[in-house]
Amino acid sequence: DTAVSQTPKYLVTQMGNDKSIKCEQNLGHDTMYWYKQDSKKFLKIMFSYNNKELIINETVPNRFSPKSPDKAHLNLHINSLELGDSAVYFCASSLWRDSEAFFGQGTRLTVV
Amino acid sequence: GESVGLHLPTLSVQEGDNSIINCAYSNSASDYFIWYKQESGKGPQFIIDIRSNMDKRQGQRVTVLLNKTVKHLSLQIAATQPGDSAVYFCAERERTSYGKLTFGQGTILTVHP
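This structure is a prediction, so every number in the text was calculated from the model and none was measured.

Caption draft 1: Representation of the pairing of strand E3 (residues 19–25) of chain A within the structure. Residues and elements named next belong to chain A. In this structure, strand E1 (residues 4–7) lies alongside E3, joined through four bridges in antiparallel fashion. Note on E3: the bridge partner recorded for serine 5 is glutamate 24. Relative to strand E8 (residues 73–78), E3 is paired through four bridges, and the arrangement is antiparallel. Paired with lysine 19 across the two strands is isoleucine 78, which belongs to E8.

Right, here's the structure in full:
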């Protein structure tokens, strides 16, 4: 059973396109996150939702819009993709803020 | 601003040796620290955590040491195995950060048979 699953695993798209990445967790956690990992392996938080409510919104271009239809799902929609958006995007979840975060396998986004 | 860890260093060890991976953090308000292991093509995997009211915690083959005086965290891996080869990240969380983890740059560990 996959605890945190993301789709797709790979995404190659042209500049200017709009794309979405989906994430689901079956751990019963109430907090979900999106992290971005750049080419130097640096991991940085983008967003966090707790029970469908946005609680962390780091300095991210407003072309990135997260959506949480329920507490088990957190999707990431990206408008007008740019070359600099190429990275690996990780979804994660935790039992509120008092425990470790479990990460998905990542979505490697390549913008050409 | 907040920062954890160093530029991506590398550590090469022989199978069976003990490994020590170090991490520096700068946010004195952090009260929770985690070590993650990331294998190629996979997401970070939880190894061990420690809260700021402790200075040492042991798991299976791993030990985390926390020195709050100098804001230093280390991960010790006993009897390192080839399967331990990966990038290791330390991460910190501030009490009021709503679960936000701030990651260091990571250390590449290579274990030679």
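Caption draft 2: Quick peek at the sheet that holds strand E6 (residues 62–67) of chain B. Residue and element names in this part refer to chain B. Strand order in this open sheet of four strands is E2-E7-E6-E5, and the pairing throughout is antiparallel. Sheet topology places strand E2 (19–24) and strand E5 (56–58) at the edges, where each strand pairs with a single neighbour. Going across the sheet, the axis of each strand differs from the next one's by a mean of 15 degrees, ignoring polarity. Taken together, the six bridges between E2 and strand E7 (residues 72–77) define a ladder with antiparallel strand orientation. Across the sheet, residue asparagine 22 finds its bridge partner in E7, namely serine 74.

Caption draft 3: Representation of the pattern of salt bridges in the model. Tallied over the entire structure, the rule returns seven salt bridges over all chains. The salt bridge involving glutamate 58 of chain A is made with lysine 44 of chain A; its shortest N-O contact spans 3.8 Å. Of this pair, glutamate 58 of chain A sits in the loop between strand E6 (53–57) and strand E7 (64–70) while lysine 44 of chain A sits in strand E5 (residues 43–50), placing them 14 residues apart in sequence. When its relative accessible area of 43% is taken as the criterion, lysine 44 of chain A is described as partly exposed. The partner of aspartate 84 of chain B in a salt bridge is arginine 61 of chain B, with the nearest N and O atoms 2.9 Å apart. Remark: arginine 61 of chain B occurs in the loop between E5 and E6 and aspartate 84 of chain B occurs in the loop between E7 and strand E8 (86–94); sequence separation between them is 23 residues.

Caption draft 4: Spotlight on the sheet that holds E7 of chain A. Residue and element names in this part refer to chain A. Ordered in space as E1-E3-E8-E7, the four strands form an open sheet in which the pairing is antiparallel. Two strands in the sheet have a free side with no partner beyond their single neighbour: E1 and E7. Put simply, the sheet's adjacent strands are angled 20 degrees from each other on average, direction ignored. Sheet topology note: the E7/E8 ladder contains five bridges and is antiparallel. Counterpart to lysine 67 in the pairing with E8 is asparagine 75.

Parameters at a glance
- Residues numbered from 1 in each chain as written.
- Chains lettered and ligands numbered in written order.
- Predicted model: local features only at pLDDT ≥ 70, side-chain atom pairs only at ≥ 80, totals over all residues.
- Heavy atoms only, no water.
- Pairing = 2+ DSSP bridges.
- Helix = DSSP H or I, 4+ residues; strand = E, 2+ residues; numbered from the N terminus.
- Axes fitted to C-alpha atoms, helices over the stretch in contact; angles between N-to-C directions.
- Salt bridge = Lys/Arg side-chain N within 4 Å of Asp/Glu carboxyl O.
- Buried < 20%, exposed > 50% of the residue type's maximum accessible area, 1.4 Å probe, protein only.

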